[in-house]
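Survey of secondary and tertiary structure
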Amino acid sequence: MQTLAAGLSPLGLKSTISIVILLASAALASAYAGEANVPYVPTPQVVVDRMLEIGKVGPQDYLIDLGSGDGRIVVTAAKKYGARGFGVDLNPTRISEATENARQAGVVDKVAFYQRDLYATDLSQATVITMYLLPRVNLELRPRILDLKPGTRIVSHDFSMGEWKPELHEELEAKDKYGGSGGRSDIYLWIVPAKVAGTWQSELQVHGKPVPYEIAMQQQFQTVSGSVRVGGRTAKIENAILQGERLTFEFTADVGGAPIKHQFNGRVDGANIAGTADLSGPKLQSRMDWSATRTTRAASTSGNNALMGAAVSPTH
Ligand SMILES: C[S@@+](CC[C@H](N)C(=O)[O-])C[C@H]1O[C@@H](n2cnc3c(N)ncnc32)[C@H](O)[C@@H]1O
């Protein structure tokens, strides 16, 4: 029997491929237009492999795939990297396929698949979340994701997270996308940032004397800005980087009559930051332990933070 492709001219074949891609895109787009759920389109294995590399998945990780299809992401994470985790999908056929794939891969002790709505799934155990959903669904999940443990990695196939800029965005060609038609895939990585917006109090010993610092930080997702009040003056925070719970920033302020560059580096743990401060000035080169305590917490401007719209309030 002549196959459809064999009976087509090269131009016809190209059109057929275009139609298949259009239909697959249309399936995703129609769900985007308002359906509750996301259609099944499996992530090509080459993209799965790259997603797990980008997410730096390892044996310590607990990975949750939201809308897990045939389980390929969770199963690969367990087989290749020794990770544990689970997948959820609404479709019972997908759950059976995924469970069978886990059995064949010999990873049933590490992974499980549940027929469950991703919106009703507890994500708190995750160190890595993977998803191939839709822009609208990603945006709906965003507030919950931003409330997860700082440092949780989120890896999404093809769809972004609105104005929350990814740490990394990569494109690659996948020959087996859309059932073999081939296509380009986008992979995005985000790292859940700690919540640092608010006012923090700190003290350093400079030239043998205690010097109080008041640090005011604003935050939009992982972007941090603000100022530091020290010695009756205000200095602007520069080069702030917030990656998960790790925070670094710099400022230059007059302390003891001379300009001193301060580089703060610490780990945020709720209302505390602990780390080191490097001070350098004309008569000073010193590294010391540094800690700060939040005295007032402010809303981060992440557009959907639970604190959004709240006035500055006491820290808990
Ligand atoms: C685009 S497929 C991705 C499958 C798999 N994650 C992968 O990358 O190969 C989306 C999957 O999400 C599932 N899904 C759609 N809406 C869901 C919901 N509300 N809760 C759980 N699963 C859902 C679909 O059944 C489908 O299997």
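This write-up is about the structure you can find in this document. Note that the coordinates shown come from a computational prediction; the quantities given were computed from them, not determined experimentally.

**What about the overall build of the protein chain?**
The helix and strand inventory of the protein chain stands at five helices and 17 strands. When burial is assessed residue by residue, the protein chain has 37% of its 316 residues classed as buried. A separation threshold of at least 6 residues defines the contact pool for the protein chain, and within that pool the share at least 24 residues apart is 53%.

**Focus on the site of the ligand**
Around the ligand there are 22 residues in total, and N37, T43, G67, G69 and Y132 lie nearest to it. Elements with a contribution of two residues or more to the shell around the ligand: α3 (72–81) and β2 (84–89). For the shell around the ligand, the class distribution of residues is ten nonpolar, seven polar and five charged.

**Overview of the sheet that holds β2**
Pairing between sheet strands relies on hydrogen bonds along the backbone, with the strands arranged either parallel or antiparallel. Taking strand neighbours across the sheet as the criterion, the seven strands line up as β3-β2-β1-β4-β5-β7-β6 in an open arrangement whose pairing is mixed. Here the strands that pair on one side only, and so sit at the sheet edges, are β3 (111–115) and β6 (168–174). Each strand axis lies, on average, 15° off the axis of its neighbour in the sheet, ignoring direction. Both strand β5 (residues 153–157) and strand β7 (residues 183–191) contribute to a ladder of five bridges, which runs antiparallel. Bridge pairing in β7 links I154 to W190. Its contacts with the sheet place α3 against β1 (62–66), β2, β3 and β4 (128–131), and it is angled at close to 170° to β2.

**Thoughts on the packing of helix α2 (residues 45–54) against α3**
Helix-helix packing is described using two parameters, namely the angle between the two axes and the distance between the axes. Relative to each other, α2 and α3 sit at 60°, their axes nearing to 10 Å. Between α2 and α3, the interaxial angle falls into the category oblique. Crossing handedness for the pair α2 and α3: right-handed. Every residue of α3 that contacts α2 at Q45, V48, D49, M51 and L52 is listed here: R72, I73, T76, A77, K80 and Y81. Across the contact of α2 with α3, the residue classes tally to six nonpolar, two polar and three charged.

**What to know about helix α5 (residues 135–146)**
Under the 1.5 Å per step criterion, the end-to-end length of α5 is 16 Å for twelve residues, consistent within 8% with the ideal 16 Å. In this fold, the buried residues of α5 make contact with β4 and β5.

**Details of the nonpolar core**
Across soluble globular proteins, you tend to see nonpolar side chains buried next to one another. L63, V74, A77, I129 and L133 are the most contacted members of the largest nonpolar core, which totals 46 residues. Element by element, the count of residues in this core is highest for α3, at five residues. Filtering out sequence-adjacent residues up to four positions away, I129 remains in contact with I64, L66, L123, I145, T152 and I154. I215, V255, I260 and F264 belong to the second largest nonpolar core, which has 29 residues in total.

What counts, and at which threshold
Residues numbered from 1 in each chain as written. Predicted model: local features only at pLDDT ≥ 70, side-chain atom pairs only at ≥ 80, totals over all residues. Helix = DSSP H or I, 4+ residues; strand = E, 2+ residues; numbered from the N terminus. Buried ≥ 20, exposed ≤ 12 C-beta atoms within 10 Å, placed from the backbone. Contact = placed C-beta atoms within 7 Å. Near = placed C-beta within 6 Å. Nonpolar A, V, L, I, M, F, W, Y, C, P; charged D, E, K, R; others polar. Pairing = 2+ DSSP bridges. Axes fitted to C-alpha atoms, helices over the stretch in contact; angles between N-to-C directions. Parallel < 35°, antiparallel > 145°, perpendicular 65-115°, else oblique. Left-handed = near helix turned anticlockwise from the far one by under 90°. Expected span 1.5 Å × (residues − 1). Core = buried A, V, L, I, M, F, W, Y, C linked by C-beta atoms within 7 Å.

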